[in-house]
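Structural characterization, general
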Amino acid sequence: MHKKRSQSAKDKSFEIKARLWNESAWLPAMAAGIRDLGGTGLFGSEYLVASKRWGRLDFSMGMAWGYLGSRQNLSNPLSVVSSRFDQRQNDVGSGGTVSTQTFFRGRTALFGGVEYQTPWGPVLKAEYDSNNYQHEPSANTQAQKTPLNLGLVYRLAPGLDVSVGRERGTTWSVGFTLDTDLSRLAIPKLTDTPAPTVALQAPSAAPHWPKTGQDIQALTQWQVQQIQRRDNTLILELTESDSAYHPPRIDKAMAVLQRDAPADITHIELRHRALGDVLTVDHIDRSAWLQPFAQPARTSTPAPAVTHSYPPAHSLTPGSTLMTHTPKPYSLTPGIHLNHSIGGPDAFVLYQLNLKLNGQLALPADVQLSGSLNAGLLNNYDRFKYTAPSDLPRVRTYMREYLTESRITLPNLYLSRVQRLSTHWTSAVYAGYLESMFAGVGGEMLYRQPGSRWAAGLDITQVKQRDFAQNFSFRDYKAKTGHASLYWQTPWQDVNMALSVGQYLAQDRGMTLSMSRTFDNGVTMGAFATKTNVSAAQFGEGSFNKGVFWSIPFDAFMTSSSRQTAYFNWTPLTRDGGAMLNRPVQLMNATRLLDPRLLTQRPAEFPEDQRIPDDRKH
C-alpha cells in the first residue's frame, strides 16, 4: 500500500531583478524584474517599477505582466510593436525551462504603493494589488474584497524583519524576513590576538627569529617556512597563504617585523609559495609603510608602501638563512559536514550532519595522500522515499542510498601530485576514491598567466561508481568524463564567467556556463546552468541541470581571523543529466595566488543598523 505523504505542495522560485538607474533629485529610481525564472510558468511574471522618496514617504508605481498582471486593468503597451504580445502561453511541462517567448506578453496591470517610516521605528505600508486572484493555478481562486493591502514592518535586529499585514480585505498575515548585503558582510575580530603596537624606532636588541616566525604565523595564519636576509632586504618564505584579506595580514606581519627586524633592514619580501614554487611576492618599503604612524596624513599621495610581483617560474634566489621551520609531514583536522535538501516531496528539509576528520600526508616526489572520514550524528534522510525516474545511468539519483546505507563512510581517499611546469602551465594527476559516489584516475592541465583575467584548462578522468556504503567496494558502472574549460574575470562589476564543454558522468555531452560575482570582501555568489544532448523529456523534471552557489570567507562572519572559506551549493533538483564529477583537485583553486584580486580583498566596514537601507527599495 502506498503511504500517504504529509508533505504539502511547496515550490521554489528564482527571481532576477536589475536596477536600471538610481534615484536623482528629480527622477525616480527604475528597476525591472522577472519572477519564477525557469519555473513552470504558473507564477511567472515580469514587471517594471519606479520609486521616489520624499522625506519619510517612499512612493512606487509599476506595471506587471503574467501572474502579477492578472487584474488586467491595462492593455499591453507592447502590442503596438507586435500582436504577438497580446497572448501569453505558459509551458507547464517539466518546468525548468526559460521560456523567453512568454516574457512581457499577455495580461497587464498597474500596481503601486507607499511606505511611511515612522519616527519610532516601524514602517507602515499600503499597496494597490495588480493581482485579482481569480486566475490561480489548480483553480485555487481566492476571495478578494479590496485590491488594497495594508502592512506594518518592524526591524527586530539587523537583517531580521517581522511583518503583519491585511491582504485582500479577507486575510491576516504574519511573516519573518532574513536579509543581508553580502558586499558589506563583516564582524569585528573581538577574539583575535592583538598585533604589537607599532614602534617608530627599530629594536636595538638582537632578534629571536623563531619567535618572530611564530608571532607572524599566529596573527596571519600564514605558515612561515623560512626567514632569510639578502643585503638590506628581509625575506620571508610563506606557505598556506592563499587567504582572503591579504592587505590586513601584511600589516599584521609588518607590525611584528617592525618590532623585531634590525634598523638596517629597509625592505621586506613576503614570498608566497605553493605548487613547489613562489607564485607571488609582496615587496614592502619599511619606511613608507611606517610613515602613516610617524606623521599626519599628507595632502599629496605618497609612494605605495606595498607592491606585488609575479616572478617567473623557479627564478628567485634565496638569501642567507636566519630561521627554518620544518612542517610536520601530516595533518589531521576535525570538522562538521552538512548535507541537506530543501523543498523535496517527502519533507521540506532533509539533512545529514556528520562529524568529519580530514587528513593529509606528504609523500616523496611531491605526492600527497588526502582523505576524510565521516561519522553520522543526525540524519533524517530515512524519510527520503522518492526515487526520481531516470532514462539515464543513475549517477546522482541514488543520493538516498549513499546517504543512508552506512553511518561511517569514507567520502574520499586519494593520491595527488600538483606541479608548476612553467610560468604559465600547471599540471595535476590524481587517483583513488575521488568523491562519495565515484573513484577513478585522471588529470588536469591549466594555462594561467600570472595576474591575468583569463585562463584555460583541460581535465580527463576515468571513473567507476562506488558502493552505497562508501567503503572499498564498487558497483558495475564505469565512464569517462572530462571538460575543456575557459575562465574569464570580466571587467564589468567583478563578474566571473566559466564555460566548460565536454562529457558528463552519465556520458551525455554538452556545456556548463557559470557566472558569479566576487565582492571586495571576498564573498562570491553565482549560478550555473548545464545543457547537454539529453532532451528535456529524457532529463525529467527540471528540464536541465542548474543551481546557485556562494562562498563566504570565515573572516567575514567570525570574531576570529581564519584562512577557511565556507562553500554552499544548492540545486533545486538532483537528476542524472549534466552531472559533473566533484574532482578533489581543481587547478583554478590551487593557483589562486596568481589572481590579482586576491591581493586586494579587505574586510568590509562593520555595517550600522539601518531601518530602511536605500538599496532595499530597488
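As a starting point, this report considers the structure included with it.

The rules behind each value
The numbers attached to residues start from 1 for each chain and follow its sequence in the written order. Only residues with pLDDT of at least 70 get local features here, since the model is predicted, and only at 80 or more are side-chain atom pairs given and counted; chain-wide, interface and lining totals rely on the full set of residues. No hydrogens and no water enter the side-chain calculation; it runs on all heavy atoms of the structure. In short, DSSP must find at least two bridges between two strands for them to pair. Runs of E in the DSSP output that reach at least two residues are strands. Runs of H or I that reach at least four are helices, and both are numbered from the N terminus. We define a salt bridge as a contact between a side-chain nitrogen of Lys or Arg and a carboxyl oxygen of Asp or Glu at a distance within 4 Å. The rule is simple: take the accessible area with a 1.4 Å probe, protein chains only, and divide by the maximum for that residue type; under 20% is buried, over 50% is exposed, in between is partly exposed. Throughout, an axis means a line fitted to C-alpha atoms (over the contacting stretch in the case of helices), and angles, computed between N-to-C directions, take values from 0 to 180 degrees. Put simply, angles under 35 degrees are roughly parallel, angles over 145 are roughly antiparallel, angles from 65 to 115 are roughly perpendicular, and the rest are oblique. The contact criterion used is simple: two residues touch if any of their non-hydrogen atoms lie within 4.5 Å. Polar here means any residue outside two lists: the nonpolar Ala, Val, Leu, Ile, Met, Phe, Trp, Tyr, Cys and Pro, and the charged Asp, Glu, Lys and Arg; Gly therefore counts as polar.

Another point: the pairing of strand 19 (residues 408-420). Where strand 18 (residues 367-379) and strand 19 come together, 7 bridges link them in antiparallel fashion. Bridged to Asn374 within strand 19 is Thr409. When strand 19 meets strand 20 (residues 425-433), the two strands line up antiparallel, connected through 8 bridges. Bridge assignment links Gln419 to a residue of strand 20, and that residue is Ser427. Taking the residues that link successive antiparallel strands as the turn, the strand 19-strand 20 hairpin has 4 residues.

On to the pattern of salt bridges, then. Pairs can form between side chains of opposite charge whenever their charged atoms are close. By the definition in use, this model includes 23 salt bridges. Residue Arg155 is joined to Asp179 by a salt bridge in which the shortest nitrogen-to-oxygen separation is 3.1 Å. One end of the pair, Arg155, is in strand 7 (residues 148-157); the other, Asp179, is in the loop between strand 9 (171-178) and helix 1 (209-220), and 24 residues separate them in sequence. For Arg155, a relative accessible area of 8% gives the class buried. Residues Glu269 and Arg230 are paired through a salt bridge, measuring 3.4 Å at the closest nitrogen-oxygen approach. Of this pair, Glu269 sits in strand 12 (residues 267-274) while Arg230 sits in strand 10 (residues 223-230), placing them 39 residues apart in sequence. One continuous salt-bridge network, built from bridges that share partners, spans Arg230, Glu237, Glu269, Arg271 and Arg273.

On to the packing of helix 2 (residues 246-260) against helix 3 (residues 286-294), then. At their nearest, the axes of helix 2 and helix 3 sit 12 Å apart, and the two run at 95° to each other. Looking at the two axes, helix 2 sits roughly perpendicular to helix 3. For the pair helix 2 and helix 3, the contacting residues are Asp251, Met254, Ala255, Leu257 and Gln258 in the first and Arg286, Trp289 and Leu290 in the second. Of the residues in the contact of helix 2 with helix 3, the class split is 5 nonpolar, 1 polar and 2 charged.

Along strand 11 (residues 233-239), 7 of the 7 residues are buried, which leaves the element largely enclosed by surrounding structure. Going residue by residue along strand 11, you find Thr233, Ile235, Glu237 and Thr239 tucked away on one face and Leu234, Leu236 and Leu238 tucked away on the opposite face as well. Where strand 10 meets strand 11, 7 bridges bridge the pair, whose relative direction is antiparallel. Following the sheet pairing, Arg230 is matched in strand 11 by Thr233. Taken together, strand 10 and the strand that follows it, strand 11, pair antiparallel across an intervening segment of 2 residues, in which Asp231 is found at a positive phi of about 55°.

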